[in-house]
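# An overview of the molecular structure
Chain by chain, the residues:
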Amino acid sequence: MKLELARRHWYDYMMAPRLAFLISTMDKEGRPNAAPFSSVMPFSGEPPRVVFASRTDRHTLLNARETGEFVINVVPIELLRELMICYKYFDRGVNEIKEAGLTERKSKMVKVPSIEECILWIECKYLLEIGFAPEIADHNLVIGEVLYAECKDEFIKNGDLDIIRANLLLHGEGLRWFTVAKRALGNDTTVLREKKGGK
């Protein structure tokens, strides 16, 4: 079956599900904002960098430009209702964290608040934004320097994030949501031991 690329959000049914995040920001007047994103990924290990894609009209992007900071909050499936409230359109300056009944958490390295109910927080400095002509892309890329990251103790197992217990929220097509399977596949390096691969 040929997949239809003419759909505006073709990637939602070809490259999904993806982890769901709430990115919190603050405008120059100190008013917090939170919005859901799933086009977020690590960009560099050393130095630590992350990147997210944003429409140019989103308050998240406007705030990050103004203050130079943002926080990526990792969302468990229990916060789906609250995330959907943050998904709604609010006028700029409205505090979506408060509107969703969530709790602001003081961040360690940035002025932007984290979200207490999330399980992991990645505090970032806005480094660089890459914009594109309309015929190239309809989103800009925002690169952030990771200044600090922290996870709730109960979701750490043997020094790593316990994926099963964390019950992470995944974003599919449109308003479809998923979570991870209730079992881990383990750390199977059999193939790597059998034959050396190329770079």
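Up top is the structure these notes are about.
As the structure is a prediction and not an experimental result, all values here were calculated from the model. (Residues numbered from 1 in each chain as written. Predicted model: local features only at pLDDT ≥ 70, side-chain atom pairs only at ≥ 80, totals over all residues. Heavy atoms only, no water.)

## Examining the overall build of the protein chain
Quick note on the threshold: A run of H or I in DSSP counts as a helix once it spans at least four residues, and a run of E counts as a strand once it spans at least two, with each numbered from the N terminus. Each residue gets one of three labels from its accessible area relative to the maximum for its type: buried under 20%, exposed over 50%, partly exposed in between, using a 1.4 Å probe on protein chains only. In what follows, a contact means two residues having at least one pair of non-hydrogen atoms within 4.5 Å. Areas reported as accessible are Shrake-Rupley estimates using a 1.4 Å probe. Residue values count occlusion only from the protein chains shown.
A count of helical and extended segments in the protein chain gives 6 helices and 14 strands. Burial status across the protein chain gives 41% buried among its 199 residues. Within the protein chain, contacts between residues separated by at least 24 positions form 60% of all contacts whose residues are at least 6 apart in sequence. For the protein chain, the accessible area works out to roughly 12200 Å², and carbon and sulfur atoms hold 55% of it.

## Notes on the sheet that holds strand β3 (residues 32-37)
In plain terms, the rule: The pairing criterion is simple: DSSP has to find at least two bridges between the two strands. In this analysis, axes come from line fits to C-alpha atoms, helices being fitted only over the stretch in contact, and the angle between any two N-to-C directions falls in the range 0 to 180 degrees.
Taken in spatial order, the 7 strands make up an open sheet running β3-β2-β6-β9-β10-β5-β4, and their pairing is antiparallel. Strands with a single pairing partner mark the edges of an open sheet, and in this sheet they are β3 and β4 (40-44). When the angles between neighbouring strand axes are averaged without regard to direction, this sheet yields 35 degrees. Two strands pair when backbone bridges link them, and strand β2 (residues 21-26) and β3 are joined in this way by 6 bridges, in the antiparallel orientation.

## A look at the packing of aromatic side chains
We count it as follows: Two rings belonging to Phe, Tyr or Trp (six-membered ring only in the last case) form a pair when the distance between their centres is within 6.5 Å. Interplanar angles under 30 degrees mark stacking, angles over 60 mark edge-to-face geometry, and anything in between is tilted.
Scanning the entire structure with this criterion turns up 2 aromatic pairs. With a centroid separation of 5.3 Å and 70 degrees between ring planes, the pair formed by phenylalanine 37 and phenylalanine 52 is classed as edge-to-face. Placement of the pair is phenylalanine 37 in strand β3 and phenylalanine 52 in strand β5 (residues 49-54), with a sequence separation of 15 residues. On the basis of relative accessible area, phenylalanine 52 is assigned to the buried category, the value being 0%. Look at phenylalanine 52 and phenylalanine 70: their rings are 5.2 Å apart centre to centre, the planes differ by 75 degrees, and that puts the pair in the edge-to-face class.

## Describing the nonpolar core
Counted only if it meets this: Working definition of a nonpolar core: buried Ala, Val, Leu, Ile, Met, Phe, Trp, Tyr and Cys residues. They are joined through side-chain atoms within 4.5 Å.
Judged by nonpolar contacts, the single largest core of 23 residues is most densely connected at Ile23, Val40, Phe52, Phe70, Ile72, Ile119 and Cys124. Of all the secondary structure elements, the ones that give two or more residues to this core are β2, β3, β5, α2 (59-67), β6 (69-74), β9 (120-130) and β10 (140-151). Top element by residues in this core is β9. It accounts for 4 residues. Look past the residues within four positions of phenylalanine 52 in its chain and what remains in contact with it is Ile23, Phe37, Ser39, Val40, Thr60, Phe70, Asn140, Leu141 and Val142. Within the second largest apolar cluster, 20 residues are counted, among which are Met26, Ala34, Val75 and Phe90.

## Focus on the pattern of salt bridges
Keep this limit in mind: Each salt bridge in this description consists of a side-chain nitrogen of Lys or Arg and a carboxyl oxygen of Asp or Glu lying within 4 Å of one another.
By the definition in use, this model includes 8 salt bridges. A salt bridge links glutamate 29 to arginine 31; its shortest N-O distance comes to 3.8 Å. On the basis of relative accessibility, which here comes to 58%, the residue glutamate 29 falls in the exposed class. Between arginine 65 and glutamate 129 there is a salt bridge, and its shortest N-O distance comes to 2.7 Å. Pair noted here: arginine 65 is in helix α2 and glutamate 129 is in strand β9, with a separation of 64 residues, a long-range link. Under the relative-accessibility criterion, glutamate 129 is labelled buried at 19%. Here the salt bridges share partners, and the residues they tie into one network are Arg105, Lys108, Glu116 and Glu150.

## Describing unusual backbone geometry
The omega torsion of the bond from glutamate 46 to proline 47 falls at 5 degrees, within 30 degrees of zero and hence cis. Secondary-structure assignment places proline 47 in the loop between β4 and β5. If you check the backbone angles, asparagine 158 has positive phi at about 55 degrees while not being a glycine. Its location among the elements puts asparagine 158 in the loop between β11 (156-157) and β12 (160-161). Even without being a glycine, asparagine 167 presents a positive backbone phi close to 55 degrees. Checked against the element boundaries, asparagine 167 lands in the loop between α5 (163-166) and β13 (169-171).

## A closer look at the sheet that holds strand β1 (residues 18-19)
Pairing within the open sheet is antiparallel, and its 3 strands lie in the order β1-β13-β14. Bordering the open sheet on either side are β1 and β14 (177-179), each of which pairs with just one other strand.

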